Amino acid sequence: MKKIALLPGDGIGPEITAAAVRVLDAVGKFEYESYLIGGAAIDGAGNPFPDATLQGCLAADSVLLGAVGGPKWDTLPGNQRPEVGLLALRGALELYSNLRPAKLYPALRDACPLKYDGEFDILIVRELTGGIYFGDRGRTPSPTGDTKDDSAYDTERYSVREVERIARVAFEAAQKRSGRVISVDKANVLESSRLWREVIRTVAKEYPSVECTDMLVDNAAMQLIRNPGQFDVMVTSNMFGDILSDEASQLTGSIGMLPSASLGATKRGLYEPIHGSAPDIAGQGIANPIATILSAAMMLRYSFDMEAEAAAIEAAVDATLNAGLRTGDIAAPGQAKLGTVAITDEILRRIG
Ligand code: IPM
Ligand code: MG
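Residues numbered from 1 in each chain as written. Chains lettered and ligands numbered in written order. Predicted model: local features only at pLDDT ≥ 70, side-chain atom pairs only at ≥ 80, totals over all residues. Heavy atoms only, no water.

**So, the overall build of the protein**
Counting its regular elements, the protein contains 11 helices and 12 strands. Its C-alpha radius of gyration of 20 Å places the protein within 12% of the 20 Å reference for a compact globule of 352 residues. The principal-axis extents of the C-alpha atoms in the protein amount to approximately 65 × 50 × 45 Å. Buried residues in the protein amount to 52% of all 352 residues. By sequence separation, contacts in the protein at least 24 residues apart represent 75% of the contacts at least 6 residues apart. Of the roughly 15400 Å² of accessible surface on the protein, a fraction of 53% belongs to carbon and sulfur atoms. Side chains of the protein give 35 positive and 46 negative charges; the mean places of these two sets differ by 3 Å. (Helix = DSSP H or I, 4+ residues; strand = E, 2+ residues; numbered from the N terminus. Rg over C-alpha atoms; globule rule 2.2 N^0.38 Å. Buried < 20%, exposed > 50% of the residue type's maximum accessible area, 1.4 Å probe, protein only. Contact = heavy atoms within 4.5 Å. Areas by Shrake-Rupley, 256 points an atom, 1.4 Å probe, with all protein chains shown as cover. Lys, Arg positive; Asp, Glu negative; His and termini not counted. Charge placed at Lys NZ, Arg CZ, Asp CG, Glu CD.)

Written out as structure tokens, the structure is:
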């Protein structure tokens, strides 16, 4: 039986992972073991990424995570924050590729804030274990003692190897989709982006059936709002991918809709919604569990080769939305708002 490490984390994390577990149990038999991460781990074990969590994830076939972070831990020093736990997990499992699909559900067209009547179905391929997130950082005290000259730095660094492997993920994904890759960088300013662009262009030659274009990140941010339908696969660095995926999520109506899969060289992946821990609504039973439920579907597809079960979950989510059922974040004015458990019940009823 496949073993899933559950990392509920903070805020709404426990509620949404519980919802996803109910959906997983409806399509298969899995063994679960829960571990602490983030703020919950700081409180429970004095460290955002306890060794027991690392060992549990390494021993599991896959990992399902809720969210980390919250105001309670916001004043901790940078290297002790809840987010460090998530970054350490991604690093320790060498999950260098983060897939973040953002598509427009016809039923949620009214929740899309754009004046746009086309369709879009974008796959953001975000590099996840390099760049500024993992580069050298620190503080430099002023040499003169004048604290106004104290400074801080973070470093963006990419190796050819790191760009090559994420490029391959993007090109291979594009071959199974509409065959277009847009690589997003800031090559007009950053040396690391110039290397990124060179490597992308070199790898592109191995995939003649894929059309590859470069786009500067500021333009990409604008084009996403102007005409999201022009994007198919978008490949980008860790930080640009973080930012653009939040932007893309709003086009779908709510950040509560976007799942993600983080993968490395093995079948073991980390699956999590792209949204955060939403401390403002934690514990109220109103969080939208769809991003986490769709993340569980991605787990079935990418880690367990259970395509039919993954598709059944996705179809049940579609059918639930098509039936006009909504959580608060995607409800139109006047529409009834279902809680986390109620919308999960509706999705479960629609799993064939
Ligand atoms: C995300 C989140 C994380 C990130 C945070 C919580 C560290 O924003 O998964 O997009 O920046 O990668
Ligand atoms: Mg983010």
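After that view of the structure, there is still more to cover.
**Some thoughts on the nonpolar core**
Membership of the largest hydrophobic core comes to 81 residues, with the highest contact counts inside it found for Phe171 and Leu300. In terms of residues, this core owes the most to one element, helix H9 (residues 290-302), which gives 8 residues. In this structure, Leu300 is in contact with Leu24, Val27, Phe30, Asp305, Met306, Glu309, Ala310 and Ile313, ignoring residues within four places of it in sequence. (Core = buried A, V, L, I, M, F, W, Y, C linked by side-chain atoms within 4.5 Å.)

**Points about the pairing of strand E3 (residues 62-67)**
The element E3 is extensively covered by neighbouring structure, given that 6 of its 6 residues are classed as buried. By the bridge criterion, 5 bridges tie strand E1 (residues 2-9) to E3 in an arrangement that is parallel. Residue pairing for E3: Gly9 is matched across the bridge by Ala67. The sheet contact formed by E3 and strand E12 (residues 270-271) spans 2 bridges and is parallel. In the sheet register, Val63 faces E12, and the bridge partner there is Leu270. (Pairing = 2+ DSSP bridges.)

**Describing the pattern of salt bridges**
Inspection of the entire model under this criterion finds 20 salt bridges. The partner of Asp305 in a salt bridge is Lys267, and the shortest N-O contact between them spans 3.1 Å. In this pair, Asp305 sits in the loop between H9 and helix H10 (307-322) while Lys267 sits in the loop between strand E11 (261-263) and E12, placing the two residues 38 residues apart along the sequence. A relative accessible area of 57% means that Asp305 is categorised as exposed. (Salt bridge = Lys/Arg side-chain N within 4 Å of Asp/Glu carboxyl O.)

**Thoughts on the packing of aromatic side chains**
To describe a pair of aromatic rings, one takes the distance between the centres and the angle between the planes. In the structure shown here, the tally under the stated rule is 3 aromatic pairs. A centroid spacing of 5.8 Å and a plane angle of 20° characterise the contact between Phe30 and Phe304, whose relative ring orientation is stacked. Taken as a pair, Phe30 in strand E2 (residues 30-34) and Phe304 in the loop between H9 and H10 lie far apart in primary sequence, 274 residues in all. Seen from their ring centres, Tyr158 and Trp196 are 5.3 Å apart, and the 65° between their planes marks the pair as edge-to-face. Here Trp196 lies in helix H6 (residues 191-204) and Tyr158 lies in the loop between strand E7 (151-154) and helix H5 (160-175), a separation of 38 residues in the sequence. (Phe/Tyr/Trp six-rings, centres within 6.5 Å; stacked < 30°, edge-to-face > 60°.)

**Focus on the sheet that holds E12**
Judged by pairing direction, the sheet is mixed, and its 10 strands sit side by side in the order E2-E1-E3-E12-E11-E4-E5-E10-E8-E9 without closing on themselves. The open sheet has two edge strands, E2 and strand E9 (211-216), and neither has a second partner. Sheet topology note: the strand E8 (residues 180-185)/strand E10 (residues 233-236) ladder contains 4 bridges and is parallel. Residue pairing in the sheet places Val181 in a bridge with Val233 of E10. Relative to the sheet, helix H8 (residues 238-251) contacts strand E4 (97-103), strand E5 (121-127), E8 and E10, its axis offset from that of E5 by approximately 155°. (Axes fitted to C-alpha atoms, helices over the stretch in contact; angles between N-to-C directions.)

Taken by themselves, the reported measurements are silent on function.
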